[in-house]
Amino acid sequence: MPHNLSSRDAAVNWHPYTQMQTAADAIAIVRGSGVYLYDEPGNRYLDAIASWWVTLHGHAHPYIAQKVSEQLYQLEQVIFAGFTHEPAVLLSERLLALLPSAQQKVFYSDNGSTAVEVALKMCIQYRYNQGKPKTKILAFKNAYHGDTFGAMSVSSRGIWTEPFGNMLFEVQFIDPPTIDNLEALKSCIDTYTDELACFIYEPLIQGAAGMLMHEAPALSALMQHCRSRGILMIQDEVFVGFGRTGKLFAANHLSEQPDIMCFSKGLTGGTMPMGITTCSAPIFEAFLSDDQYKTLFHGHSFTANPLACTAALASLDLLLQESTQNSIQELSAAHCRFARSITTHPKVKAIRHTGTILAIEWHTTQDTSYFNHIGTHLYQYFLQRGILIRPLGNIIYLVPPYCMTQEELQYIYQVILEALEEV
Ligand SMILES: *Cc1c(COP(=O)(O)O)cnc(C)c1O
């Protein structure tokens, strides 16, 4: 009988995004504290990717733990149809006050993909309820919006979606905007306007595509065009929301505002799974009717779970503290200085930086892709030096928890410099 957690895990668990035949046994983490994760044999890892982009204030944060623990003794769960509770009311009130003013209602679900599913259903049924059904959707090339069927449908098509190819719905993919391609994108949109139910996009940063970035003015101009054509806009802030771009939301960089917004990842500070879809008054009102058929028939067992709402409220408290806001600016400034210092390095093919996010594309003999073999080497190289990163092929990126100190950050930069020489 195997005894350590890693080998017991291998006997029973099937891991996400993992080819189980060739994967090494999973590293068993027994404890987290601040930016560090501790494994069973006692090694520690600097979590440079916020555990898949979710952890904002560090692991096992005592303030969030305290709040969730108190809530656990008060009310752990209640059906959210016909019932409500204070954490959900408070969270919606506080969130809406921080979002662009058009956002008027909050719909709860469990994760980023479900937040996207809800947004898509809102748009499609909005058209249906108005008696003008439209089902075609506009999205960016290289988009990633999640792994459930609807979310997968509006994401980039590739080997991930290959087995399901015929079952995905109709999407028109366009390039992300630049000042140069804007006019071409507008005319492309105009040829489809009559069929389009909505436009869904990751604002400013396409995370899973390799932290691809586009400029706020170009996106604002594109959004303005969609607005003028009556195309509903879904802004997927699942990754970029809650400070990642250096401002509270990507929306704070834009002059035009969406109809619907999606949140998850950092929403609870990375403590509990939760998704949120917010919408404007006109969207909400299109579902108000004496006709039962116009209801949004969507819900999940754990919709607006009180513990998750409490974690989100506690995370917001921490996020809005001046010290956290300062840390975000300092992380951003440090990334900026480091990026400038290595732009001309021969191994650096490209470097991108927005807010707390830094991405470096490695020059290799292979093309840039998720399956570029250097990713595996880089992953091991950093792990052996006590740093958790998760390369997307030949692209490495940092998405640090906001509590990461400058010393910890400098250590990571140092290892990146060494890797640029050695890997
Ligand atoms: C991660 C992600 C999702 C999906 O969220 P899950 O919680 O993993 O389902 C959706 N949109 C964006 C932009 C993401 O980065």
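Residues numbered from 1 in each chain as written. Predicted model: local features only at pLDDT ≥ 70, side-chain atom pairs only at ≥ 80, totals over all residues. Heavy atoms only, no water.

**Points about the sheet that holds strand S16 (residues 395–398)**
One open sheet holds the three strands; their spatial order is S13-S14-S16, and the pairing between them is antiparallel. Strands with a single pairing partner mark the edges of an open sheet, and in this sheet they are strand S13 (348–354) and S16. Across the sheet, the axes of successive neighbouring strands diverge by a mean angle of 15°, strand direction being ignored. Contacts from helix H13 (residues 406–422) reach S13, strand S14 (357–362) and S16 within the one sheet, and its direction differs from that of S14 by about 10°. (Pairing = 2+ DSSP bridges. Helix = DSSP H or I, 4+ residues; strand = E, 2+ residues; numbered from the N terminus. Axes fitted to C-alpha atoms, helices over the stretch in contact; angles between N-to-C directions. Contact = heavy atoms within 4.5 Å.)

**Remarks on unusual backbone geometry**
The backbone phi angle of Asn142 is positive, close to 65°, even though this residue is not glycine. Examined against the element boundaries, Asn142 turns out to sit in the loop between strand S5 (136–140) and helix H6 (149–153). Residue classification places Asn142 among the partly exposed residues on the basis of a relative accessible area of 40%. Of note in this structure, Ala304 is not a glycine but carries a positive phi near 55°. Within the fold, Ala304 resides in the loop between helix H9 (281–285) and helix H10 (306–320). (Buried < 20%, exposed > 50% of the residue type's maximum accessible area, 1.4 Å probe, protein only.)

**What to know about the environment of Cys262**
Topologically, Cys262 is positioned in strand S11 (residues 260–263). Contact partners of Cys262, with chain neighbours within four places excluded, come to Ala115, Val116, Ala119, Ile234, Gln235, Asp236, Glu237, Val238 and Ile276.

**Re helix H12 (residues 374–384)**
Every buried residue belonging to H12 is among Ile374, Gly375, Leu378, Tyr381, Phe382 and Leu383, and all of these are buried. Elements in contact with the buried residues of H12: strand S3 (44–47), S14, strand S15 (387–388), S16 and H13. A positive phi of about 75° marks Gly386, the residue just after H12.

**Details of the pattern of salt bridges**
All told, the structure shown has nine salt bridges when counted by the stated rule. With a shortest N-O distance of 2.9 Å, Lys136 and Glu170 are connected by a salt bridge. Here Lys136, found in strand S5, pairs with Glu170, found in the loop between H6 and strand S6 (171–174); they are 34 residues apart in sequence, far enough to count as distant. Look at the salt bridges and you will find they share partners, linking Lys136, Glu170 and Glu195 into a network. (Salt bridge = Lys/Arg side-chain N within 4 Å of Asp/Glu carboxyl O.)

**Section: the domain arrangement of the protein chain**
For an interface, size is often stated in terms of accessible area lost upon the parts coming together. Structurally, the protein chain comprises domain 1 (5–61 + 321–422) and domain 2 (65–319). For domain 1 versus domain 2, the separation of C-alpha centres amounts to 26 Å. Contact residues are listed per partner, giving 30 residues for domain 1 and 27 residues for domain 2. Three residues stand out in domain 1 for area buried against domain 2, namely Tyr17, Trp53 and Ile357, and they jointly supply 24% of the buried area on that side. Where domain 1 packs against domain 2, one counts zero salt bridges. Among the elements that take part in the side of domain 1 that touches domain 2, helix H11 (residues 322–342) stands out by supplying four residues, more than any other. Tallied by class, residues from the side of domain 1 that touches domain 2 come to 18 nonpolar, eleven polar and one charged. (Domains from an automatic or database assignment. Buried area = accessible area lost by both parts, 1.4 Å probe. Nonpolar A, V, L, I, M, F, W, Y, C, P; charged D, E, K, R; others polar.)

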